[in-house]
Amino acid sequence: MRESTNQSIKPVTTKVNEKGNLEIGGCDLVELAEKYGTPLYVLDEVTIRSICKDYKDAFSSYPKINMMYASKALCTLATSAILSKEGFGFDVVSAGEIYTVYKSGAPMEKVLFNGNNKSFDELNLALDLGVGRFSVDNFLELSLLNEIAKSKNKTADILLRITPGIECHTHEYIQTGHLDSKFGFDLTQIDEAVDLILNEYTNLKLHGLHAHIGSQIFETKVYHDEIEILVKELARLDEKFSLKLDEINIGGGLGVKYTEKDLPPSTFEIADVIIKSLNASIEKYKIDPPTLFIEPGRSIISTAGVTLYTIGSSKQVPKGKKYIAVDGGMADNPRPSMYRAEYFAQIANKPETAAAEDVTIAGRYCESGDVLIDNIKLPLIEEGDILCVFNTGAYNYSMASNYNRVQKPQMVLVNNSQSDIIVMRETLEDLISHDVVPDRLKY
Ligand code: LLP
């Protein structure tokens, strides 16, 4: 079957240029590091558009499809504009994500609001800005959303988020569809929720069901099981409540290739399983073909991103590891310390030099656990070399912090030998701009 972009460790435009340096989107990474400083997030536009095309091609045989990009993976004005122009809608989970997508100019009717504890203010904003779907997660939200919609004389279009009880083999913290999960209605609670919607919450219009089973998924069968459960529920609700629901949202989750040992399926493989399972379930449970929503995040944006760091100090532990320190770490990429996530890296100014030593890439933050890559073979490294860590487009900037009061890096978008800043580096003034000193403490 055709390969897709999420199966590559590096952005699709990566090459070694005539200077012997790594190049992405026609831009020399060493020159980018000099021009913009490090740490630097670099995002390749061609790679983003290439995976979008993979998704569109892969699902083209099921025309009733709504592709939503899960903004939590990376949410900026520029990336939202690219994805919107590629025809994607957005899964959002906060006022911040709603506002960013709105300000990017994307059509709000293609936005779906997820989350297990949406606040009054967030629901209010979402209704005001015309968010197209709410995936309602719990009983409190049903009543709150109904109340707010009523006060505005509006109807909120909703899906019910359910917990299908599927365990997928990924890190425990990024599994979400198993029964003991904080997300969604348990299968045994669906009828009560539907009953309330039909009989009490008259400002809510239920369109279908939503589930999300986890992230960085490599197995395809879990999607088959998930679809079977969702379609079965649609048929059961029709029988019990004479309710024709015509939407199912199967969430995101497709994995990416961080290192050689990761073997994620292609968009074509999962689309094949998803469409076949859907058609089989439609036939089995005798329902009309529903509109299918998918909401991938990581697989859309991860491969497009790399992070550049400058190598600083090093330490050879006698009879132990060799630590090489970079000028970033757990605040710009918390994934290794949170999930023991593994990454691949190369030296941007000598990508073709043979590997000479095993080193551990340490971050600059004041924690022993701040290690970006534990044990990687690299050429002999010198201070000032530029390290390029691959596959950092997803859940890096979006999970970044100001730990140790360090400014977040900036992000540049590269394409056609051109680089544009899409997120500016924070300044020292930015860091203190929200601090307030009470009068009695002033000098
Ligand atoms: N839809 C829902 C309802 C979700 O909760 C998520 C991710 C997605 C879609 C997108 O999933 P993706 O296609 O990106 O796998 N911070 C973790 C990942 C957390 C994912 C949370 N939910 C990490 O860095 O691995």
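Just above sits the structure.
Keep in mind that what you see is a predicted model, and the values were worked out from it rather than measured.

*Asks:* In this structure, what is going on with the packing of aromatic side chains? I would like to understand it.
*Replies:* Remark: the centre distance and the inter-plane angle together describe each pair of aromatic rings, the angle taken between the planes. Under the definition given, this model contains 8 aromatic pairs. Taking the centre distance of 6.4 Å and the plane angle of 10° together, the rings of Y55 and F59 count as stacked. When sorted by exposure, Y55 lands in the same class as F59, which is buried. Between Y69 and F90, the ring centres sit 6.4 Å apart and the planes meet at 85°, which makes this aromatic pair edge-to-face. Of the two residues, Y69 sits in strand β5 (residues 65-70) while F90 sits in strand β6 (residues 89-92), which places them 21 residues apart along the sequence. Taken individually, Y69 and F90 each receive the classification buried, so the pair is uniform in this respect.

*Asks:* Just checking my understanding: could you explain empty space enclosed by the protein for this structure?
*Replies:* If a probe as big as a water molecule is rolled over the atoms, it shows which places are left empty. Scanning the model with the defined rule gives 2 cavities of 30 Å³ or more in all. Quantified by volume, the largest cavity comes out at close to 60 Å³. Estimates place the volume of the second largest cavity at around 40 Å³. Along its surface, the second largest cavity is lined by Y41, V42, L43, L74, G305, V306, T307, T392, G393, Y397 and M411. Counting only elements with at least two residues in the lining of the second largest cavity, the list comes to β4 (40-44) and β14 (305-316). When its residues are assigned to classes, the lining of the second largest cavity shows 7 nonpolar, 4 polar and no charged.

*Asks:* Looking at this model, I keep getting lost on the layout of surface pockets. Mind explaining?
*Replies:* If you add up the space inside the second largest pocket, you get close to 380 Å³. Contributions of two or more residues to the lining of the second largest pocket are made by α11 (335-339) and β18 (371-378). Per-element accounting of the lining of the second largest pocket gives the leading share, 6 residues, to β18. For the lining of the second largest pocket, the residue count by class is 9 nonpolar, 4 polar and 5 charged.

Rules behind the numbers
- Residues numbered from 1 in each chain as written.
- Predicted model: local features only at pLDDT ≥ 70, side-chain atom pairs only at ≥ 80, totals over all residues.
- Heavy atoms only, no water.
- Phe/Tyr/Trp six-rings, centres within 6.5 Å; stacked < 30°, edge-to-face > 60°.
- Buried < 20%, exposed > 50% of the residue type's maximum accessible area, 1.4 Å probe, protein only.
- Helix = DSSP H or I, 4+ residues; strand = E, 2+ residues; numbered from the N terminus.
- 1 Å grid on protein atoms, 1.4 Å probe; cavity = no way out; pocket = protein on both sides within 12 Å on 5 of 7 lines; lining within 4 Å.
- Points joined across faces, edges and corners; volume = space filled by probe spheres on them.
- Nonpolar A, V, L, I, M, F, W, Y, C, P; charged D, E, K, R; others polar.

Everything listed here is a matter of geometry and, on its own, says nothing about what the molecule does.
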